[in-house]
Amino acid sequence: MSINITYEDHIAIISLELTEDCFDWESLSELIEHASAINMDVENIYAVVIHSLNSSFAKGWSHEILNMAPEDQIAVGSAFTAIANIKQPVIVAMSGSILSAGLELALSCDIRIAATNSLFAFPETKMGYVPLAGATQRLPRAIGRSNALRMLLTGEQINADEALRIGLVSELIDEERLDLKAKEIAKIIASRGPIATRFAKEAILRGSEIGLSEGLQTELDLTVILQTTEDRAEGVAAFMEKRDPVFKNR
Amino acid sequence: MPNFIDAERQEDVLILRLNRPESLNALNTTMRDELWQYLLLIRDDVSIKSAVLYGAGDRAFSAGADITEFGTAPSIISARSARENRDLWNLMQSLDTPLVVALQGFSFGAGLEMALYCDLRVAEYNASFALPEVKLGYIPSAGGTQTLPRHINATDSNLIIASGNPINAEKAYQIGLVQYLTDRSHYLQLAIDLALEISHMNPNVVRAVKRAICSSSEMEISEGLVYEARVRLSNILSK
């Protein structure tokens, strides 16, 4: 196993331990399995953390994947799409080198934090190929067209401060405290109404793919559904009674 | 015949200079016609792997459309059909070849809008940017209302378009309107270096990546991912 999943309270933690920091077939299928397990268990899992046990988050693809027939390479992206399709909020914590496939995985997550020693790049164009797993689509959605053109057309490596400035990550933290910080964020999210956080994620992601009026309708529909939940009644009652809510994911 | 745009070639990079410095490189009809020809050249000559655009003189990249020509068209109808027949901005946005623009001094109105059709924007510290059209009672008409919000966030683009007020280079860098900021003695060289660097990469890959990024906002993510896979595949198979 090069990717393990563990659970702490209502948080699933996916730990990468990639051979030579690269994704191979085995690790991709493990990722798909974990994503599916998380999606199937909205009952118990409220938030997800993805991090690496190696000093670098991930640096790219294995030689096997890079050398395979192009039509077979198409399948590699489905692992990151499986992560992007997780219903619960996903936090990714990165340090060291985050290159190519590593950054494509991070772009499939919702909240990105990084260690102050992090370096980010898409070296694909320099190496003469088009990214394999969503960079041209997810990077502009995350940081805008201009910054995406800059990173992908030049292959330029950017440091943690620059990543923060352009919005590639939302927070920088000392490497020693990185995992702790990711879990802190996950705990805060897991303490909120779990249906609400899933719906909020759905509304934001769906909303960025459709027109505004349709997006507002989606938000309204989800709001109406939420009004039928016990958690919403509890949340409102707790607020009125000035106490902490106790959510049941119902 | 006036020559309002100069071209020179450095390796596989075409370097275009707007050359009307006495009029702050304002775009007049002749300049538009010349730009049209050069954009066709960039589109059709595959040996041009990237291009740089900059302004002559030391005061402006371009102060926008040449206001002295306003209202000189024979009729509204002929003005409209002239624009449709030579859809300069649509041609510019459809180019797959990367464009780098070096911005000094004023980039106002159509000057800024022209820069927004480029992929990498390098500015020098004294640069300033505005879409001042509303101050003159009209709206940006070289695509600014469509392109600006695709590059920067809605809050910033709404303010720039609705106020008509200029922003300085620091602010432009901070909101992501330009990706590079340097001093006046380096900004042009930096732009040329970036274009050269890109020109040394596989041109088919570069064009495919540019097209995939620029069309990413025009389709849903699922469709976009299929598109990315398709351009990658056709790219490999065409080798």
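Residue positions are given per chain, counting from 1 as you read along its sequence in written order. Chains carry letters from A onward and ligands carry numbers from 1 onward, assigned in written order. Selection of residues for local features in this predicted model requires a pLDDT of at least 70, selection of side-chain atom pairs for listing and counting requires 80 or more, and totals for whole chains, interfaces and linings are taken over all residues.

Chemist: Is there a simple way to explain the domain arrangement of chain A in this structure?
Modeler: Many structure descriptions define interface size as the accessible area lost when the parts assemble. All names here are of chain A. Taken domain by domain, chain A consists of domain 1 (3–190) and domain 2 (193–240). Throughout the structure description, domain borders are defined by an automatic or database domain assignment. Placing the centre of domain 1 and that of domain 2 at their C-alpha centroids yields a distance of 26 Å. Any residue pair is listed as a contact if its two C-beta atoms, each placed from the backbone, are within 7 Å. Residue-level contacts link eight residues of domain 1 with five residues of domain 2. Charged residues are taken to be Asp, Glu, Lys and Arg, nonpolar residues to be Ala, Val, Leu, Ile, Met, Phe, Trp, Tyr, Cys and Pro, and polar residues to be all remaining types, Gly included. Tallied by class, residues from the side of domain 1 that touches domain 2 come to four nonpolar, one polar and three charged.

Chemist: Any chance you could explain the interface of chain A and chain B here in plain terms?
Modeler: Taken residue by residue, the interface counts 28 residues in chain A and 35 residues in chain B. Where helices and strands are cited, they refer to DSSP runs of H or I of at least four residues and of E of at least two residues respectively, numbered from the N terminus. Considering every element that reaches the side of chain A that touches chain B, the biggest residue donor is helix H8 (residues 145–154) of chain A, with nine residues. Classifying every residue of the side of chain A that touches chain B gives 11 nonpolar, 11 polar and six charged.

Chemist: What is the right way to read the domain arrangement of chain B from this model?
Modeler: All names here are of chain B. Segmentation of chain B into domains returns domain 1 (5–198) and domain 2 (202–237). Each of domain 1 and domain 2 has a C-alpha centre, and these two points are 25 Å apart. Contact residues are listed per partner, giving seven residues for domain 1 and six residues for domain 2. A class-by-class count of the residues in the side of domain 1 that touches domain 2 yields two nonpolar, one polar and four charged.

Chemist: Would you take a moment to explain the sheet that holds strand E4 (residues 60–62) of chain B for this structure?
Modeler: The pairing of strands in a sheet comes from backbone hydrogen bonds and takes either a parallel or an antiparallel form. Residues and elements named next belong to chain B. Strand order in the open sheet formed by four strands is E4-E6-E8-E9, and the pairing between neighbours is mixed. What marks the edges here is a single partner per strand, and that holds for E4 and strand E9 (167–168). In this analysis, strands are considered paired if DSSP registers two or more bridges between them. Where strand E6 (residues 106–108) lies against strand E8 (residues 128–130), three bridges are found, and the strand directions are parallel. Bridge pairing in E8 links Phe 106 to Ser 128.

Chemist: Got a minute to help me understand the pairing of strand E1 (residues 5–10) of chain B in this structure?
Modeler: Where a strand is regular, its side chains alternate between the two sheet faces. In this structure, E1 of chain B lies alongside strand E2 (residues 13–18) of chain B, joined through six bridges in antiparallel fashion. Of the residues in E2 of chain B, the one forming a bridge with Gln 10 of chain B is Val 13 of chain B.

Chemist: Mind showing me how you'd approach the packing of helix H11 (residues 194–207) of chain A against helix H12 (residues 212–226) of chain A here?
Modeler: All names here are of chain A. At a minimum axis separation of 9 Å, H11 and H12 run at an interaxial angle of 170 degrees. Regarding the angle of H11 to H12, the classification is roughly antiparallel. For the pair formed by H11 and H12, the contact residues are Ile 195, Ala 196, Phe 199, Glu 202, Ala 203, Arg 206 and Gly 207 on the first element and Gly 215, Thr 218, Glu 219, Leu 222 and Leu 226 on the second. Looking at the contact of H11 with H12, its residues break down into six nonpolar, three polar and three charged. For every element, the axis is a line fit to its C-alpha atoms; helices are fit only across the contacting stretch, and the angle between N-to-C directions ranges from 0 to 180 degrees. Small angles under 35 degrees read as roughly parallel and large ones over 145 as roughly antiparallel, with 65 to 115 read as roughly perpendicular and the rest as oblique.

Chemist: I keep staring at the sheet that holds strand E3 (residues 50–55) of chain B and nothing clicks. Help me out?
Modeler: Residue and element names in this part refer to chain B. One open sheet accounts for six strands, arranged E1-E2-E3-E5-E7-E10; its pairing is mixed. In the strand order of this sheet, the two ends are held by E1 and strand E10 (180–182), each with one partner. Each strand axis lies, on average, 20 degrees off the axis of its neighbour in the sheet, ignoring direction. Bridge count for strand E5 (residues 99–103) against strand E7 (residues 120–124) is four bridges, and the pairing is parallel. Residue Leu 103 lies in a different strand from E7, and its bridge partner there is Ala 123.

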